[in-house]
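What follows is the residue order along each chain.
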Amino acid sequence: MKSNILNNYRMGGYLLLAIGLINLRYQTGHSDVLQHSLVITIPGALLLAATWVPSIASKLHIKAVQAVVMALGLLLVAYAVIN
């Protein structure tokens, strides 16, 4: 059960990394594209890294933390689509 939750977090982190890099590639030429892409990519990288640190990974199993991470992830995906 615990590994499924961590795998979900990892997939979310990979998703944000991919969206951020795709945004960087397809928005080339627009002003501030690097800043917009980093807003998406950095949280994805941090989330991915957090799943590999045992002391942080144990905190990711708390329901409130799951809800906050899910909300932030959805907001970042929406930001990527709108931007």
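Up top is the structure.
From a predicted model like this one, the values you see are computed outputs, not experimental measurements.

### A closer look at the overall build of the protein chain
Then step 1. Secondary structure summary: the protein chain contains four helices and zero strands in total.
Then step 2. Taken from the N to the C terminus, the helices and strands of the protein chain come in the order α-α-α-α.
Then step 3. Taken along the three principal axes of its C-alpha coordinates, the protein chain extends 45 × 20 × 15 Å.
Then step 4. Restricting to contacts in the protein chain with at least 6 residues of sequence separation, those with at least 24 account for 68%.
Then step 5. Of the roughly 5600 Å² that the protein chain leaves accessible, carbon and sulfur atoms contribute 73%.

### Observations concerning the packing of aromatic side chains
Then step 1. Throughout the structure, instances matching the rule amount to zero aromatic pairs.
Then step 2. The residue whose ring lies beneath Arg10 is Trp52, and the NZ or CZ to ring-centre distance is 3.6 Å.
Then step 3. Over the ring of Tyr26 we find Arg25, and its NZ or CZ is 6.0 Å from the ring centre.

The rules we used
Residues numbered from 1 in each chain as written. Predicted model: local features only at pLDDT ≥ 70, side-chain atom pairs only at ≥ 80, totals over all residues. Heavy atoms only, no water. Helix = DSSP H or I, 4+ residues; strand = E, 2+ residues; numbered from the N terminus. Contact = heavy atoms within 4.5 Å. Areas by Shrake-Rupley, 256 points an atom, 1.4 Å probe, with all protein chains shown as cover. Phe/Tyr/Trp six-rings, centres within 6.5 Å; stacked < 30°, edge-to-face > 60°. Lys NZ or Arg CZ within 6 Å of the ring centre and 35° of its normal.

The values reported here are purely geometric and, on their own, carry no functional implication.
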